[in-house]
Amino acid sequence: MRFRPSFFPFTEPSAELDCGCPACGGSGCSVCKQTGWVELGGCGMVDPAVFQAINASRGDNAYDPNEWSGFAFGFGIERLAMRRHGITDIRRFLENDLRFLRQL
């Protein structure tokens, strides 16, 4: 496992959590794009501009960026399923093949 700096448009600073590639064991393959690592999720502190946008859409100043902060995170459930079931291509989840999806 590794934790590394990254970029996401709504958080600053941002980071990603990676795990060793389950398909190749870290030696490099098409699943990990020859890096030996697969991203599991991202996180970061919510950018103050997000709170400003919320205020603009609501027409008030309920979330003052100088007073409020937040932490955002998300995990790729598909990545976890790939690791658990030995699936080597994430696009399989997006093909809407019910025969494949029913196996999970």
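Whatever comes next refers back to the structure up there.
Residues numbered from 1 in each chain as written. Predicted model: local features only at pLDDT ≥ 70, side-chain atom pairs only at ≥ 80, totals over all residues. Heavy atoms only, no water.

K.L.:
Got a minute to help me understand the sheet that holds strand β2 (residues 11-20) in this structure?
P.N.:
Strand pairing in a sheet relies on backbone hydrogen bonds. The paired strands run either parallel or antiparallel. Read across the open sheet, the four strands follow the order β1-β2-β3-β4; overall the sheet is antiparallel. Of all the strands in the sheet, just β1 (2-8) and β4 (71-75) have a single pairing partner and so form its edges. Taking each pair of neighbouring strands and ignoring which way they run, the sheet shows an average axis angle of 30°. Inspection of the sheet shows β1 paired to β2 by six bridges, in the antiparallel sense. Looking at the pairing, R2 lines up with D18 of β2. Together, β2, β3 (37-46) and β4 form the strand contacts of helix α2 (residues 77-85), whose direction differs from that of β3 by roughly 155°. (Pairing = 2+ DSSP bridges. Helix = DSSP H or I, 4+ residues; strand = E, 2+ residues; numbered from the N terminus. Axes fitted to C-alpha atoms, helices over the stretch in contact; angles between N-to-C directions. Contact = heavy atoms within 4.5 Å.)

K.L.:
Looking at this structure, how should I read the packing of aromatic side chains?
P.N.:
A ring pair, where both rings are aromatic, is described by two values, the distance of the centres and the angle of the planes. Taken as a whole and assessed by the stated rule, the structure comprises five aromatic pairs. Relative to W68, the ring of Y63 lies with its centre 5.8 Å away and its plane at 70°, an arrangement referred to as edge-to-face. Seen in terms of ring centroids, F93 and F100 are 5.5 Å apart; in terms of plane orientation they differ by 70°. Their pairing is edge-to-face. Put simply, the rings of F51, Y63 and W68 pair up and form one aromatic cluster. Just above the ring of F100 sits the side chain of R92; from NZ or CZ to the centre is 4.2 Å. (Phe/Tyr/Trp six-rings, centres within 6.5 Å; stacked < 30°, edge-to-face > 60°. Lys NZ or Arg CZ within 6 Å of the ring centre and 35° of its normal.)

K.L.:
Could you clarify how one ought to interpret the environment of G41 in this entry?
P.N.:
Mapping G41 onto the fold places it in strand β3. Its relative accessible area of 5% is what places G41 among the buried residues. Sequence-wise, G41 and F73 are 32 residues apart; in three dimensions their C-alpha atoms are separated by 7.3 Å. Once residues within four sequence positions are removed from consideration, G41 is found in contact with A15, E16, L17, G74, F75 and G76. (Buried < 20%, exposed > 50% of the residue type's maximum accessible area, 1.4 Å probe, protein only.)

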